[in-house]
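Topology and contacts: notes
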Amino acid sequence: MKKILQPLFSLNMKARIYILVATAVIVSTAAASLFSFFRYKEDLSEKVSRTNRQLLEQVADNLDSYFDDLVRLSYAPAYNTALIEQLEQIRSGFEEAHQELETRRSIEKFLDEMMIYPRKDILHATLVVGHQVFYGSRTRLSVSPSADPETLDWYKQAQENAGGPVYVGPHLDPFLQNEDTVVVSVVNVIRSLKDPQAVLAFVKVNADFSAIERICRQIDLGEGGGLLLLDDAGREVFRSVGQIQAEKLHTLGENGMLYADGGRYLVYQMPVEKPGWRLYGFVSQKTLQSDALETSRLSLMLGAACAALTVALLLLALKAMLAPLYKIMAQIKLMGMGDFHVRFPDRQQDEVGMMGRTLNEVVQQLEEAFRNNALLETRVLRAQLAEKESQVSLLYSQIQPHFIYNTMNMISMLIQLGRTEAAVQNIERLSLLLRSMSRGSSSHTLRQEMQQLQAYLEIQSDRYGGALRYQIEYPETLADTAVPTLLLQPLVENAVIHGHEESGAAVFVHVTVTQEQGIVTTCVSDDGKGIPAEKLEELRRRMRMDDRQVEEEKGCHGGTGLRNVNRRIQLRYGDEYGLQIESMAGRGTVVTVRFPAEGGSYDPDASC
């Protein structure tokens, strides 16, 4: 986010205010427009969905009513006693041929009278008794003598479902010759009055399929939308929508979205209860959103115009309001360049005028204080420099007498014992240390520091007769890094004294140097007796004390070397750096010093 806003922060205040005001107006206008669009779209979708569902329910009810009429018509033969008796006679068999002919004429006359039904789309009525077919129609058509009812699916289904009507989808009636009218049918059963379990005949009522189409086309679901009517077996009955695969519809709920035929559709479904069919309504999402998109487009155009006018008026007002502030900024800029004679015109009585008068007073006070502070600053800087140098000098004064005395005493003993070569080596090592101390430089390279440290440890190792072991590790890449002079020597001396001299036990001193992200970390560890917890906490407390607190606790001793090293680091690099000490009784001590790397920042004359 900071990188994204960086170009904005690089602009002046005037440009930033203009950009922020313009952005706020544009964003708020766009947000309001988008909110109104989505709210309108949601309301419109809800209203359209409710309307479309009502329309779909109306179509389903009309289809149910239509099939209900066909079912009622198919029940008509079952209520005619004379017709039932004739069917019983057909079942029993005719004694004479003329009786069979009269019965056929009577039955077909009844079927013709059924066609007087006011709905002209009901075309035919067929009565099937065994292998005999009786036929009635509004118009005389020829009956196919070769049609066998036993081979027809609807006849088999009616036999299996003898308890209720069977609905047959669009088809051509196989009993009729030269008839190309597509019909839908209802097949019902006629039972014997003497034996209710006995089936006398099957009645099939045909209606023109165009009536179903007219009912389905009564509603308009918009451009790209339409209906799909499937029978109870999933076969297509009617379609007024594009090539949408019926298989995809099984995964939908009552209402759902469907991606098909290159578009997105909101799908409604409704059962047609009488025939057990299912009606699907498809509304194109594109059509559904077209009105909302048009309204949104107009809203955005109006909002953009209002936003542009608002931004223009605000920019003019801001320009007039910011002019006095820019005068104050110009005055502050001159102050930053050292000109304390500038003054803001004392004419405005508003908040800006009050700010200008306050600034005039501040400038006057600064002009007076600047002269006094210049002298004080010089004195403070000199005092701080003198304090740093005195800290280093104090450290030198602590190290030299104690260490030199012990070393000279050891060299004297070596000479008395006849170990002249070891005495010479220690004299050279001591010479190296004294030569580096005598230069008084405040810093040198890490390589020089490690050379001095190794000389010191070798002297102490000879002095303790091998009871002191040590290891120094640092990467060659850090060899030229600048470090404060005698940074690690007091820490190593503490490890030697407290780890060996006080207990007489052998001690191992390990010195490591690492660098990560520009921070140098030096670590001095030993495996001596360690520091008790109470004393460790006291050492840490004294390391945090300033000079005044140390002066007040004159009776307290210990930790002076650690405090001096910590103080040198903080005086040189800042309070965020310095020394940390960790220890556990019986397990040794680890002292860590952190400070920023100063590659090449060392005194070239301080070489060993």
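For the structure itself, consult the block above.
Residues numbered from 1 in each chain as written. Predicted model: local features only at pLDDT ≥ 70, side-chain atom pairs only at ≥ 80, totals over all residues. Heavy atoms only, no water.

Once that is clear, we can look at the nonpolar core. Of all hydrophobic cores here, the largest spans 50 residues; its most connected members are Leu-87, Leu-127, Ile-212, Leu-227 and Leu-229. By residue number, the principal contributor to this core is helix H2 (residues 13–75), which donates 9 residues. Residues contacting Leu-229, with those up to four places away along its chain left out, are Leu-63, Ile-212, Cys-216, Arg-235, Glu-236, Val-237, Phe-238, Val-272, Trp-277, Arg-278 and Leu-279. Among the nonpolar cores identified, the runner-up in size contains 47 residues, and Leu-488, Val-524, Leu-536 and Met-543 belong to it. (Core = buried A, V, L, I, M, F, W, Y, C linked by side-chain atoms within 4.5 Å. Buried < 20%, exposed > 50% of the residue type's maximum accessible area, 1.4 Å probe, protein only. Helix = DSSP H or I, 4+ residues; strand = E, 2+ residues; numbered from the N terminus. Contact = heavy atoms within 4.5 Å.)

A few words on the pattern of salt bridges. Tallied over the full model, the rule gives 13 salt bridges. Asp-173 is the salt-bridge partner of Lys-204, the closest N and O atoms lying 3.2 Å from each other. Taken as a pair, Lys-204 in strand S5 (residues 199–208) and Asp-173 in the loop between strand S3 (166–171) and strand S4 (183–191) lie far apart in primary sequence, 31 residues in all. Each member of the pair Lys-204 and Asp-173 is classed as buried. A salt bridge links Asp-462 to Arg-429; the nearest nitrogen and oxygen atoms lie 2.9 Å apart. Residue Asp-462 is found in helix H10 (residues 446–463), and its partner Arg-429 is found in helix H9 (residues 420–438); the two are separated by 33 residues along the sequence. Of the residues examined, Asp-462 reaches a relative accessible area of 29% and is grouped as partly exposed. Accessibility expressed as a relative area gives 16% for Arg-429, which makes it buried. What you see here is one network of salt bridges that share partners, running through Asp-68, Asp-69, Arg-72 and Lys-274. (Salt bridge = Lys/Arg side-chain N within 4 Å of Asp/Glu carboxyl O.)

Bringing helix H3 (residues 81–92) into the picture now. Look at H3: 16 Å from first C-alpha to last across 12 residues, which is about the 16 Å you get at 1.5 Å a residue. All of the buried residues in H3 are Leu-83, Ile-84, Gln-86, Leu-87, Glu-88 and Ile-90. The positive-phi residue at the C-terminal boundary of H3 is Gly-93, with phi of around 105 degrees. (Expected span 1.5 Å × (residues − 1).)

Another aspect to go through is the sheet that holds strand S2 (residues 132–137). Strand order in the open sheet made by the 5 strands is S2-S1-S5-S4-S3, with antiparallel pairing throughout. The sheet is open, and its two borders are formed by S2 and S3, each paired with just one other strand. Across the sheet, the axes of successive neighbouring strands diverge by a mean angle of 20 degrees, strand direction being ignored. The strands touched by helix H5 (residues 153–160) are strand S1 (122–129), S3, S4 and S5; relative to S5, the strand with the most contacts, the crossing angle is about 130 degrees. Across the sheet, helix H6 (residues 209–216) touches S3, S4 and S5, and the angle it forms with S5 is around 55 degrees. (Pairing = 2+ DSSP bridges. Axes fitted to C-alpha atoms, helices over the stretch in contact; angles between N-to-C directions.)

We now examine the packing of aromatic side chains. Applying the stated criterion to the full structure yields 7 aromatic pairs. Aromatic pair Phe-67 and Tyr-167: ring centres 5.6 Å apart, planes at 85 degrees, arrangement edge-to-face. Remark: Tyr-167 occurs in strand S3 and Phe-67 occurs in helix H2; sequence separation between them is 100 residues. Phe-67 gets classed as buried once you look at its relative accessible area, which sits at 0%. Taking 5.1 Å as the distance between ring centres and 80 degrees as the angle between the ring planes, the aromatic pair formed by Phe-67 and Trp-277 counts as edge-to-face. In this pair, Phe-67 sits in helix H2 while Trp-277 sits in strand S10 (residues 277–284), placing the two residues 210 residues apart along the sequence. By relative accessible area, which is 3% here, Trp-277 ends up buried. Every member of this aromatic cluster is reached through a ring pair, and the members are Tyr-66, Phe-67, Tyr-167 and Trp-277. (Phe/Tyr/Trp six-rings, centres within 6.5 Å; stacked < 30°, edge-to-face > 60°.)

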